[in-house]
Amino acid sequence: MARRLWITALIVPPLAFVALFVVYPIISAFAYAFFQWHGLARGEFVGFANFYRVLFTQPYADWTVNAFTHNVLVFFALMVLQNGVGFLLAYCLWRELPGAAFHRIAVFLPVVLSTIIVGFLWKLFLHPLFGVVNISLRGTGLGGLAQPWLGQDTTALWALIIANAWHMVGFPTLVFLAGMQRIPGEILDAVRMETESEWVKISKVVWPLVAPSATVVFTLLFVGSFNWFELPYIMAGVDGSPHKATDVLGLYFYRTAFGDQSGSGQDFGAGSALAVLIFLFIAIVAGFITFRLRAREIQI
Amino acid sequence: MARMTLSGIKKSFKSVDVLHGIDLEISDREFVVFVGPSGCGKSTLLRLIAGLDTISSGEFHIDDRRMNEVAPSRRGIAMVFQSYALYPHMDVYENMAFGARLMGLEKDEVEKRIDEASRMLRLDPLLKRKPRELSGGQRQRVAIGRALVRKPKVLLLDEPLSNLDAALRSDVRLEIARLHREIGGTTIYVTHDQVEAMTLADRIVVMNNGKVEQFGSPRELYERPANTFVATFIGSPRMSLLNVERDGSNLALAGSGSVNVSRLPQSGERELVIGVRPDAMAVSTDENAKGFKGSVVYTEYLGENTYVYVRLGDGTLVGIRSSASVDLPPDTPVVIAVASEEIHYFSRATRERLAA
């Protein structure tokens, strides 16, 4: 009896917390999406009108497509720059190349930094006049390549992607490294008896055996890419400047629901509709990814 | 053809020396077993031969070709690992085909070799299974099959029976002996089990503390052990060693009297170690019998024989094989007779064999 009370006492507070601050806002966002809003005052029930508006009427439709396209680009770019590089780093750390002990920490260190810090840090790095990137380019005689990275359409989104990859690359590295360390040493010896090629070792043996780690990393990257908000908010602002070149669904939703830089254009109904669409898209696709990749996992 | 020459092979891990200069000459088609207690360096030596670890100093040749710097996959060597090390994500067929394809063989040739190996090892019904769906013995056969499809000049086996249950062990042992004859290459087999070593080997390398104690046929090792280590390592129950002093044609053991022997070492040393196997001694309860005096500690009844363990006057415990009818309670005073033709003599100082 005492044990049951004890368990109840441990479970109820976090459950209440989650219900109040996670479940309730999600459900209420669902509900808000079906009403018309005048500022923060709820108007009449409008059915799917808000959804129709953000998907099919201008200017929302163009903005939605623009932001969604950027998220897709971010996802694939980070898949290569963050997960791909993370896998290679993990392989180098696992094979204990010289300096592995130092790099194991160095690679993971940025992950523990807050996104706010990383955002401001990279804004400084990329400053057109005083930033370390342009100064280094000029210093090495590559001054012709120096440019306002965050200030032009062609480079701004990529600058954010690289900042994010730098920040988070330690996470897939850590997960892949853990996956590799589960591979028995004799299996690696067995491959070495059959080939010298690192490529064959990686592609035919190591990669298939770390697939369980890949499931987690892929799913989290997918969710992260489509929920991307803090870094673009800090580095590019709520308007996704310049000219919405860095606009992503997170910023777009926030701007629509709560107003842009100038505080205008606030529309709670359309914002909620966007939030619901983002949520459903992520939940369905992430569920599908997890399900499909799980089926291919291998027991060592 | 695969004649292997190891000369002055040393291996150190950082400041720890694991192998202190190994010299071996292994002939073509020979079945050689490395045996020794754990930590003696036998697996390390096998890994050096395979090329999985680098040789610190010394030279290793296969058929007069220096192998020190040659990659493991190019030495013409295949290895069967203790844990089998099958690729968990490939089925049995793929496990065997993987290495064969990497050798650049034609598709037909790969298939032919897998057919051959799976017939030899009775793997046909298992080809589509994944390693986790196989029993220990089946995994073992796949691991051997994977090695065979590469048609290696040299086959290395690292404690291949240690993960199998006792009943399966003797079957697989016979299987390995048969395979060695059929494929006609050189085989090196590592084990800590002297029974495996004795039954399989053409020649045995007995290792201890990173050195070779003796290299010879099972018969040589059993009948003419080179030193006290080999003497006690080979043979079960183990040979008893007694510290005796020579006194004319008598051997005296402190506190147990002396025995007269017909055969003594040619060298004149007074302080000797004699080695006597359990079946070269006899127990007698007759106080006037000739031999070393002692008292019974315990007896082991094994059905066909009884082993009697006796504490001698200087505290040494010796095991004697007796007929099954013998049943002596502890503390019975007994006399141990020694068959002097079967005594092995060793120097007390060097522990090396003395010729008699």
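Everything below is about the structure printed above this text.
All values derive from a computational prediction rather than experimental measurement. (Residues numbered from 1 in each chain as written. Chains lettered and ligands numbered in written order. Predicted model: local features only at pLDDT ≥ 70, side-chain atom pairs only at ≥ 80, totals over all residues.)

### Focus on the packing of helix α1 (residues 2-32) of chain A against helix α14 (residues 268-295) of chain A
All names here are of chain A. It is at 8 Å that the axes of α1 and α14 come closest, and there the two elements cross at 125°. What the angle tells us is that α1 and α14 run oblique. Handedness of the α1/α14 crossing: left-handed. Of the residues in α14, those in contact with Ile 26, Ala 29, Phe 30 and Tyr 32 of α1 are Phe 268, Gly 269, Ser 272, Ala 275, Val 276 and Phe 279. For the contact of α1 with α14, the residue count by class is eight nonpolar, two polar and no charged. (Axes fitted to C-alpha atoms, helices over the stretch in contact; angles between N-to-C directions. Helix = DSSP H or I, 4+ residues; strand = E, 2+ residues; numbered from the N terminus. Parallel < 35°, antiparallel > 145°, perpendicular 65-115°, else oblique. Left-handed = near helix turned anticlockwise from the far one by under 90°. Contact = placed C-beta atoms within 7 Å. Nonpolar A, V, L, I, M, F, W, Y, C, P; charged D, E, K, R; others polar.)

### Looking at the interface of chain A and chain B
In this complex, chain A contributes 17 residues to the contact, which on the side of chain B involves 17 residues. Counting only elements with at least two residues in the side of chain A that touches chain B, the list comes to α9 (185-194) and α10 (198-209) of chain A. The dominant element in the side of chain A that touches chain B, judged by the number of residues it contributes, is α9(A), at seven residues. Partitioning the side of chain A that touches chain B into residue classes produces 10 nonpolar, two polar and five charged.

### Considerations on helix α1 (residues 42-50) of chain B
Residue and element names in this part refer to chain B. Within α1, seven of the nine residues are buried, which leaves the element mostly enclosed by the surrounding structure. Turning to α1, its buried residues are Lys 42, Thr 44, Leu 45, Leu 46, Leu 48, Ile 49 and Ala 50. Looking one or two residues past α1, Gly 51 carries a phi angle of roughly 95°, positive in sign. (Buried ≥ 20, exposed ≤ 12 C-beta atoms within 10 Å, placed from the backbone.)

### Examining the sheet that holds strand β12 (residues 250-253) of chain B
Residue and element names in this part refer to chain B. One open sheet holds the five strands; their spatial order is β13-β12-β11-β14-β20, and the pairing between them is antiparallel. Taken across any chain shown, the strands that pair with only one partner, and hence form the sheet edges, are β13 (257-260) and β20 (344-347). On average, each strand axis in the sheet is tilted by 40° relative to the strand beside it, whichever way the strands run. Across six bridges, the pairing between strand β11 (residues 240-247) and strand β14 (residues 271-276) is antiparallel. Considered in β14, the bridge of Leu 241 is made with Gly 275. (Pairing = 2+ DSSP bridges.)

### Structural notes on helix α8 (residues 170-181) of chain A
Residue and element names in this part refer to chain A. Taking 1.5 Å as the rise per residue, α8 with 12 residues should run 16 Å; its terminal C-alpha atoms sit 16 Å apart, in good agreement. Of all the 12 residues making up α8, 10 are buried; the element is thus mostly covered by neighbouring parts of the structure. Looking only at α8, the buried set comprises Gly 170, Phe 171, Pro 172, Thr 173, Leu 174, Val 175, Phe 176, Leu 177, Gly 179 and Met 180. Here the buried face of α8 lies against α3 (60-94), α4 (100-108), α7 (153-168), α10 and α11 (211-226). (Expected span 1.5 Å × (residues − 1).)

### A short note on the sheet that holds strand β5 (residues 65-66) of chain B
All names here are of chain B. Pairing is antiparallel in the open sheet, where four strands are placed in the order β2-β1-β4-β5. Each edge of the sheet is formed by a strand with only one pairing partner; in this case those strands are β2 (16-26) and β5. In this sheet, β2 lies alongside strand β1 (residues 4-13) in antiparallel orientation, the contact comprising eight bridges. Within β2, the residue paired with Phe 13 across the bridge is Val 16. Of the strands in this sheet, β1, β2 and β4 (57-62) touch α1, which is tilted by about 65° from β2.

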